[in-house]
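Here are the chains, one letter per residue:
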Amino acid sequence: MSFIKLSCADFISILNPIARLACSNKKGSGVLGFARILITTKAGKQAAYASASNGGQSMARRIESFESDIDMLSEDKEVLLCGEKLLSIVNAYTSFDSTEIVKISWDSFGDNGGLIAAKRSKMKIDTADPSAYPAPPKLSADHSVLTIPLTQLQDVAIKGRSSVAVNNSARPALNGVNFKLNCAAKSINVTATDGYCVYDNTLAVTNAKNDFNIVVPTKLIDMLQGLKATNDDDLVRLRADSNSLEVTFKSTLIRSQLLDNKFPDLSELFQSEPQWLMDLEQKDIADALGRLSAATDKRLPAIELMIDDATQETHLRTVQGGKILGEDYLKSKVTIKPENALSVNLNFLMQAVANVTSKIARIGQHPKDKYLVIQGENETSRMIVLPLRT
C-alpha cells in the first residue's frame, strides 16, 4: 500500500482548488472527474504534486512538506482520487487543527480503493488508474513570456471579467478578456466588452518577450483570483502561444486553452481624448445609482443625467415611457455642459462607476460618437458606456 502524509493545513489549502477543478466538468467527465497525486524523484530529492483538469484548464500544485513510503530508488507512484469525494473530505477536515496529519493511502484502483485518515477519522475514496490521465498540451518553442506583479494582473483581469465579459454563443470572443502584449511599447493592454460597454486598461511591463494577442476564458480569470500574493511585488509568469496560456506562481502551475476567436479591434475608441464633462465623488454617484436602481424599468433600466454648470449639480432621473420614476441630485465639478441630457443604461453605468477605485470619478463624452467615458482620477483604466437611443 502506497501513502503520502501531509499537514491538515496543506491538505486543505492545496487540495481544495484541485478537487474543485476536478468537479467542474459535468459532461461525462470520466478520469477528468478525478484529482491526481504524484510522488516522484527530482534532482535527487523527493517531490509530490496534486493536479486536476476539466478539459479546458488544468492546475498542478507542489506539496512542499510531506512523508511517503516511496524511497529514492523507487519508481514514481501516482493515483487518481474521486474529485467529488475528495472535496467533501477536504471540507469535512476543516474542523481539525491545522497541524494534524492527514494520510492518503491506496492499494488498488477502483471503488473504495483509497483511504484518507486523520486522527480517528477514516474515509474510503474511489480511485482510478492514472495511466489514462491526459497530459497537458505543451507550448510551442516560439511562445511569449511575461512577468508581472500578481496583484496587478488580478486587478485588471477581474475588472474585465466581472464588468463586461459574458457568455455569448453568437460572438464567442466576447466570452473572454483580451490580453495584448506589445514588447516594443513595454505594455500590456487588457480589454473586454459585451457589445454595449467596454473595459480597457494598459499596464507598463519591463520583462517580456514576443508579442501576443490572445482571448483568455473567464474560467481562467476565476482561477487566477485563487492565487494569494504575500506582497505587491510577488511576480507571476505568463507563457503563451496561439493555443494556450500557462500561468506560474510560486508552487502553482495553471494551464488553459485560449478562445479560438479574434477579438474585435476597439483601439479606435480610445484614440481620441474625451471631452471631460464633470468630476464627482465616486461614493456619491455609486450610492445615488444604487438608490435609483430601486426605481427603474427592469426591462430597460434607462437613466438620464442632466448637468447644470450654473449650480454645479447633476440631476439624475430614471424614466419609463417618458414618465419619471426616480430622481436624485449630486454636487459636481462641472467642466462642460453637454447640449442634451445624457441617457444610458443604469446597470452599465453602475458597473463602470464600481470599477473606479479612486475618490473622484470623471465622466467624459466622446466628441463625435457621444458615448460616455468613465475613469478614476489618476487611473489608467477606462470604461465606455454606449448611449441609449432617444
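Overview of the structure. (Residues numbered from 1 in each chain as written. Predicted model: local features only at pLDDT ≥ 70, side-chain atom pairs only at ≥ 80, totals over all residues. Heavy atoms only, no water.)

## Overview of the environment of Ser256
Along the chain, Ser256 turns up in strand E19 (residues 252-257). Sequence-distant contacts of Ser256, that is, excluding residues within four places in its chain, are made with Gly56, Gln57, Pro217, Leu220, Asn243, Ser244 and Leu245. There is a polar contact of 3.0 Å between the side chain of Ser256 and the side chain of Gln57. (Helix = DSSP H or I, 4+ residues; strand = E, 2+ residues; numbered from the N terminus. Contact = heavy atoms within 4.5 Å. Polar contact = N/O pair within 3.5 Å; in protein donor to acceptor, adjacent residues only side chain to side chain.)

## Re the sheet that holds strand E27 (residues 372-376)
In spatial order, the strands read E16-E12-E13-E14-E28-E27-E26-E20-E24; together these nine strands make up an open sheet with antiparallel pairing. Whereas interior strands pair on both sides, the edge strands pair on one side only; in this sheet they are strand E16 (212-217) and strand E24 (333-334). Note that strand E20 (residues 275-281) and strand E26 (residues 360-365) share six bridges and pair antiparallel. Among the inter-strand pairings, Gln275 is bridged to a residue of E26, identified as Gln365. (Pairing = 2+ DSSP bridges.)

## A short note on the nonpolar core
Grouped together as the largest cluster of nonpolar side chains are 100 residues, with contacts concentrated most on Phe11 and Phe179. Counting ten residues, the second largest nonpolar core, distinct from the first, contains Leu174, Phe263, Tyr371 and Val373. (Core = buried A, V, L, I, M, F, W, Y, C linked by side-chain atoms within 4.5 Å. Buried < 20%, exposed > 50% of the residue type's maximum accessible area, 1.4 Å probe, protein only.)

## Things to note about the pattern of salt bridges
Counting across every chain of the model gives 14 salt bridges. One salt bridge in this structure joins Asp222 and Arg161, with 2.8 Å as the shortest N-O distance. On the criterion of sequence distance, the pair formed by Asp222 in helix H4 (residues 218-224) and Arg161 in helix H3 (residues 150-163) is long-range, its members being 61 residues apart. For Arg382, the salt bridge identified is with Glu273, shortest N-O distance 3.2 Å. With a gap of 109 residues between them, Arg382 in strand E28 (residues 382-385) and Glu273 in the loop between E19 and E20 connect regions that are remote in the sequence. Each of Arg237, Arg239, Glu246 and Arg255 takes part in a single network of salt bridges with overlapping partners. (Salt bridge = Lys/Arg side-chain N within 4 Å of Asp/Glu carboxyl O.)

## Quick look at the layout of surface pockets
In this structure, the largest pocket spans a volume of roughly 710 Å³. Every residue lining the largest pocket is counted, 33 residues in all, and those nearest its centre are Arg36, Ser51, Ala60, Pro136 and Arg255. Every element with two or more residues in the lining of the largest pocket is listed here: strand E2 (34-42), strand E3 (45-53), strand E4 (57-63), strand E18 (244-249) and E19. Broken down by element, the residue count for the lining of the largest pocket peaks at six residues, all from E4. Considered class by class, the residues forming the lining of the largest pocket number 13 nonpolar, 13 polar and seven charged. Its boundaries defined by the atoms lining it, the second largest pocket holds a volume of some 430 Å³. In terms of lining residues, the second largest pocket is bounded by 17 residues, among which Pro17, Met59, Arg61, Gly226 and Leu227 are the most central. Counting residues per element, the ones that place at least two in the lining of the second largest pocket are helix H1 (8-23), E4 and H4. The leading source of residues in the lining of the second largest pocket is H1, at five residues. (1 Å grid on protein atoms, 1.4 Å probe; cavity = no way out; pocket = protein on both sides within 12 Å on 5 of 7 lines; lining within 4 Å. Points joined across faces, edges and corners; volume = space filled by probe spheres on them. Nonpolar A, V, L, I, M, F, W, Y, C, P; charged D, E, K, R; others polar.)

## Observations concerning the environment of Ile303
By the element assignment, Ile303 lies in strand E21 (residues 302-308). Through-space distance from the C-alpha of Ile303 to that of Asp328 is 11 Å; in sequence the pair is 25 residues apart. Once residues lying within four places of it in the same chain are set aside, the contact partners of Ile303 are Leu289, Leu292, Leu316, Arg317, Thr318, Leu342, Ser343, Val344, Asn345, Leu346 and Leu349.

## Some thoughts on the sheet that holds strand E17 (residues 235-240)
Overall, antiparallel pairing links the ten strands, which are arranged E10-E6-E2-E3-E4-E19-E18-E17-E11-E15 in an open sheet. Strands at the two margins of the open sheet, each flanked by one partner only, are strand E10 (127-128) and strand E15 (207-209). Pairing between E2 and strand E6 (residues 77-82): six bridges, direction antiparallel. Opposite Leu38, over in E6, you have Glu78 as the bridge partner. Against the sheet, H3 touches strand E11 (144-149), E17 and E18, its axis set at about 95° to E11. (Axes fitted to C-alpha atoms, helices over the stretch in contact; angles between N-to-C directions.)

## Focus on the packing of H1 against helix H2 (residues 83-92)
A packed helix pair is summarised by two numbers, namely the angle formed by the two axes and the spacing between the axes. In the contact formed by H1 and H2, the axes pass within 8 Å of each other and the chain directions differ by 145°. Viewed along their axes, H1 and H2 form a crossing whose handedness is left-handed. Facing Phe11, Ile12, Leu15, Asn16, Ala19, Arg20, Ala22 and Cys23 of H1, the residues of H2 in contact are Gly83, Glu84, Leu86, Leu87, Ile89, Val90 and Asn91. (Left-handed = near helix turned anticlockwise from the far one by under 90°.)

## Focus on empty space enclosed by the protein
In this structure the tally under the stated criterion is three cavities of 30 Å³ or more. Put simply, the largest cavity is a space of about 60 Å³. The wall of the largest cavity is formed by Leu153, Phe179, Phe212, Ile214, Val216, Leu220, Leu224, Leu238, Leu245 and Val247. Secondary-structure elements contributing two or more residues to the lining of the largest cavity are E16, H4 and E18. Size it by volume and the second largest cavity reaches roughly 50 Å³. As for the second largest cavity, its lining consists of Tyr199, Ala352, Asn355, Val356, Ile374, Gln375, Gly376, Glu379, Ser381, Arg382 and Met383.

## Digging into the side chain of His143
When you line up the elements, His143 lands in the loop between E10 and E11. We classify His143 as buried; its relative accessible area is 15%. Only 2.8 Å separates the side chain of His143 from the backbone oxygen of Ser140, close enough to count as a polar contact. Excluding residues within four positions of it along the chain, His143 makes contact with Lys209, Asn210, Arg239, Ala240 and Asp241.

## So, helix H5 (residues 282-292)
All buried positions along H5 are accounted for by Gln282, Ile285, Ala288, Leu289 and Leu292. Here the buried residues of H5 occupy an arc of 140° about the axis, which is enough to place them on one side. Taken together, the buried residues of H5 touch E20, E21, strand E22 (313-320), strand E23 (323-331), helix H6 (346-354) and E26. (Arc of directions from axis to C-beta.)

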